[in-house]
Amino acid sequence: MVTIGDVLFQIVSLVFLVGIFAVAYILIRSLISKQKSKPTDLVEQKLDRIINLLEKDKRE
């Protein structure tokens, strides 16, 4: 026989497990997006440096 306490325990356990997977997914996704953004920042910095050097070269 199933009691209300057993059902509530099962629901709470299920919510807890889903929460653990959701947090893990969000953390992994944010780490991947941070890694992808780093190379673009480096490329932008290099391009800015090249542009500055070209502008400096035109002035001379």
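For the structure, see preceding data.
Here the structure is a predicted model, which is why all the values come from computation and not from measurement. (Residues numbered from 1 in each chain as written. Predicted model: local features only at pLDDT ≥ 70, side-chain atom pairs only at ≥ 80, totals over all residues. Heavy atoms only, no water.)

### Overview of the overall build of the protein chain
Selection criterion: Helix numbering and strand numbering both begin at the N terminus, where a helix is a DSSP run of H or I of at least 4 residues and a strand a DSSP run of E of at least 2. This radius of gyration counts C-alpha atoms alone. The globule rule is 2.2 Å times how many residues there are, raised to the power 0.38. Each residue is assigned to one of three classes by its accessible area relative to the maximum for its type, calculated with a 1.4 Å probe on protein chains only: buried under 20%, partly exposed between the two thresholds, exposed over 50%. Methods summary: accessible areas were calculated by the Shrake-Rupley approach with a probe of 1.4 Å, and residue burial reflects only the protein chains presented. Charge convention: Lys and Arg are scored as positive, Asp and Glu as negative, and His as well as the terminal groups of each chain are ignored. One atom stands in for each charge, and that atom is NZ of Lys, CZ of Arg, CG of Asp or CD of Glu.
What the protein chain contains, in helices and strands, is 1 helix and 0 strands. By the compact-globule yardstick of 10 Å for 60 residues, the protein chain is too spread out, its C-alpha radius of gyration being 26 Å. C-alpha extents for the protein chain along the principal axes are approximately 90 × 10 × 5 Å. Scored against the burial criterion, the 60 residues of the protein chain give a buried share of 0%. Just so you have it, the protein chain exposes about 6100 Å², and 70% of that area is on carbon and sulfur atoms. Averaging the locations of the 9 positively and 7 negatively charged side chains of the protein chain gives two centres separated by 3 Å.

### Thoughts on a nonpolar patch on the surface
Here is the rule we go by: Patch membership needs two things, relative accessible area over 30% and no salt bridge, and members are linked within 9 Å if like-charged or within 5 Å if nonpolar (Val, Leu, Ile, Met, Phe, Trp, Tyr). A pairing counts as a salt bridge when a side-chain nitrogen of Lys or Arg comes within 4 Å of a carboxyl oxygen of Asp or Glu.
A grouping of V43, L47, I50, I51 and L54 is seen on the molecular surface, where their side chains present a nonpolar patch of about 450 Å² in accessible area. Residue position: L47 is located in helix α1 (residues 4–59).

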